[in-house]
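Report on the structure
Okay, here's what each chain looks like letter by letter:
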Amino acid sequence: MRPAEERAVRALFEATSAAWSDGDGGAFAGRYAQDATVILPGVHLQGRDGIRSAMGAAFAGPLKGSRRLHTTESVRFLGPDVVLVVTRSATVFAGEVEPPADRWELATWTLMRRGGEWLVEAYHSCPAGSPD
């Protein structure tokens, strides 16, 4: 794919990270498809409304003042409007400079371009383990 397409995909992570840092559940969920699926250890969120509700509550509570880091491991276009991205990601809580090593996760993101905009269709993360 063209470098411009990959830049547009990577911009999605900048937008979700900015919304996370702002504690804005609506802006964060706005980057997800209406019927998106999010799976985290012990958590299954369904749809943009479910994501907005859960993240709004988390930003007002345990995630207040936190930020999210993403390092893109790979970007693989499955078609002109579908991409699979793997990231190494972590949450940095208020008062922390960097997350501890055991907080890093590996995540897969399935993105689809709808109306010219990349949206998250599915997200799954698990503990990254120790880097070898």
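These remarks concern the structure in this document.

What counts as what
Residues numbered from 1 in each chain as written. Predicted model: local features only at pLDDT ≥ 70, side-chain atom pairs only at ≥ 80, totals over all residues. Heavy atoms only, no water. Helix = DSSP H or I, 4+ residues; strand = E, 2+ residues; numbered from the N terminus. Contact = heavy atoms within 4.5 Å. Pairing = 2+ DSSP bridges. Axes fitted to C-alpha atoms, helices over the stretch in contact; angles between N-to-C directions. Core = buried A, V, L, I, M, F, W, Y, C linked by side-chain atoms within 4.5 Å. Buried < 20%, exposed > 50% of the residue type's maximum accessible area, 1.4 Å probe, protein only. Phe/Tyr/Trp six-rings, centres within 6.5 Å; stacked < 30°, edge-to-face > 60°. Salt bridge = Lys/Arg side-chain N within 4 Å of Asp/Glu carboxyl O.

From N to C terminus, the chain includes 3 helices and 6 strands. Scanning the chain from its N terminus toward the C terminus, one meets helices and strands in the order α-α-β-β-α-β-β-β-β. The principal-axis extent of the C-alpha atoms belonging to the chain is close to 40 × 40 × 25 Å. Here the analysis covers contacts within the chain between residues at least 6 apart in sequence; of these, 50% occur between residues at least 24 apart.

On to the sheet that holds strand S2 (residues 43–46), then. The strand order across the open sheet built from 6 strands is S2-S1-S6-S5-S4-S3, with neighbouring strands paired in mixed fashion. With one partner strand each, in any of the chains shown, S2 and strand S3 (67–79) form the two edges of the open sheet. This sheet shows a mean twist of 15° between the axes of neighbouring strands, independent of strand direction. The sheet strands contacting helix H1 (residues 3–22) are S3, strand S4 (82–92), strand S5 (105–114) and strand S6 (117–127), and the helix crosses S3 at an angle near 150°. Packing against the sheet, helix H3 (residues 47–60) makes contact with strand S1 (32–40), S2 and S6, and its axis sits at approximately 55° to S1.

To continue, consider the nonpolar core. Ranked by internal contacts, the top residues of the largest apolar core, which has 27 residues, are Val9, Phe28, Tyr32, Ile51, Trp109 and Leu111. For this core, the secondary-structure elements that each account for two or more residues are H1, helix H2 (25–29), S1, H3, S4, S5 and S6. For this core, the leading source of residues is H1, giving 5 residues. In contact with Trp109, not counting residues within four places along its chain, are Phe13, Tyr32, His70, Val83, Leu84, Val85, Thr87, Val120, Ala122 and Tyr123.

This next bit is on the environment of Ser53. Tracing the backbone through its elements, the reader meets Ser53 in helix H3. Residue class for Ser53 comes out exposed when judged on its relative accessible area of 51%. Along the chain, Ser53 and Gly25 lie 28 residues apart, while their C-alpha atoms are 7.2 Å from each other.

What follows is about the packing of aromatic side chains. Per the counting criterion, the structure on display carries 7 aromatic pairs. Both rings, one in Trp20 and one in Phe59, keep their centres 5.4 Å apart while their planes meet at 70°; by these two values the pair is edge-to-face. Residue Trp20 is located in helix H1, and its partner Phe59 is located in helix H3; the two are separated by 39 residues in the primary sequence. Accessibility assignment for this pair places Trp20 and Phe59 in one class, buried. Here Trp109 and Tyr123 contribute two aromatic rings whose centre-to-centre distance is 4.4 Å and whose plane-to-plane angle is 65°, an arrangement assigned as edge-to-face.

The next thing to look at is the pattern of salt bridges. As enumerated under the stated definition, the model contains 8 salt bridges in all. Among the ionic pairs, Arg31 bridges to Glu117, the shortest N-O distance being 2.8 Å. Of the two residues, Arg31 is situated in the loop between H2 and S1 and Glu117 in strand S6; the sequence distance between them amounts to 86 residues. For Arg114, the salt bridge identified is with Glu121, shortest N-O distance 2.7 Å.

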